[in-house]
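# Descriptive structure summary
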Amino acid sequence: MDRAIYQAMAEEEADHWWFVGRRRVLSGLIARMADPGPGAAVLDAGCGSGGNLEMLSTFGQVTGVEYDDIARGMAADRGIAPIKAGALPDGFDVPDGGFDLIGLFDVLEHVEEDVASLRTLGGKLKPDGQLVISVPALPWLWSSHDVSHHHFRRYTKASLSQSIGEAGLDIAGIGYFNTLLFPAVLAQRLIQKTTGLGGETAARTPAGPINAALAAVFGAEKHLIGRVPLPIGLSLWAVVRRRP
C-alpha cells in the first residue's frame, strides 16, 4: 500500500468503527473456533502498523511480520511484540512448524501469489495449529478503495475455498461477516460509483456518536460469527488447518 495509507491507518485504527468492530469480531471468532490455549505461539502475518497485536496477545505470545519498513517501525513502537521483516510467499523468515495460531487479517488480497502464500503459512503452523483469515468479499463491490489499497482481488466463498484447497490446507470453517452494515455500505458504494463522490473520505473516523454506533453494530457480530451462518457480508473469514 502507499505510505500515506499506512500512516492514515495507524492514525485511524485505534478508534475507527471498522477497525474496532473487526477486532471484536475476529477476537470472538478465534475464541470460538481457534483458541490455541495457554502459552500459545501466535503470529500476526502482515501485521501492518500493529493494530491487531494487542488483541492477538490475549491468545498467547505474539510475533509480527511485516514487509513495509515504515509500517514495521510503527508496529514495533507499540512495544507489544517483536516485529520481523518478511514478505509472502518466499521471504517469510520465521520457523516452520512453530505457531499454534496465525492471523492473516486483510492481507491475502494484497498478495499476487495467494495460493503460494497460504502454502507458506500452512508450513509455519504446528501440526494442530490454525490459520485465521479475513479478506474483502464480493468482486462486484470492487471500488476505488480496492485500487488505492493495492488489492489484487476480492473473494467469494468459492474462490477463497479454492485457493485454500490448492495450498494443501483444510477448511475448518468459512463464512461472511460485516453483514449488519452491508446495506448501508452497499448504498455508499453505489453512490460513489454513480457520482464519484465519497471515496477515501469515507475511510475517515466519523463523529463520535456515529462512530460508536457503527462500531457497536459491527462488533455485535462477535456473538454470531462461527455460530450462525450469515448470508452475505462485506468480508469473509476462514479458519484453516494443516492436512494430517
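For the structure, see preceding data.
Residues numbered from 1 in each chain as written. Predicted model: local features only at pLDDT ≥ 70, side-chain atom pairs only at ≥ 80, totals over all residues. Heavy atoms only, no water.

This part covers the packing of aromatic side chains. According to the stated counting rule, one finds four aromatic pairs in the structure shown. Plain terms: the ring middles of Trp 17 and Phe 218 are 6.2 Å apart, the flat faces sit at 65° to each other, and that makes the pair edge-to-face. On the criterion of sequence distance, the pair formed by Trp 17 in helix α2 (residues 17–33) and Phe 218 in helix α9 (residues 208–219) is long-range, its members being 201 residues apart. What makes Trp 17 buried here is its relative accessible area of 11%. For Phe 218, a relative accessible area of 0% translates into the label buried. Between Trp 140 and Phe 182, the ring centres sit 6.4 Å apart and the planes meet at 85°, which makes this aromatic pair edge-to-face. Of this pair, Trp 140 sits in the loop between β5 (125–136) and α6 (144–148) while Phe 182 sits in helix α8 (residues 182–195), and the two are 42 residues apart along the sequence. Members of the aromatic cluster, joined through ring pairs, are Trp 17, Phe 177 and Phe 218. (Phe/Tyr/Trp six-rings, centres within 6.5 Å; stacked < 30°, edge-to-face > 60°. Helix = DSSP H or I, 4+ residues; strand = E, 2+ residues; numbered from the N terminus. Buried < 20%, exposed > 50% of the residue type's maximum accessible area, 1.4 Å probe, protein only.)

In terms of burial, β5 is largely enclosed, as nine of its twelve residues are buried. Examined bridge by bridge, strand β4 (residues 99–105) and β5 share six bridges and lie parallel to one another. Within β5, the residue paired with Gly 103 across the bridge is Val 132. Inspection of the sheet shows β5 paired to strand β7 (residues 235–242) by seven bridges, in the antiparallel sense. (Pairing = 2+ DSSP bridges.)

This is a description of form; function is not addressed.
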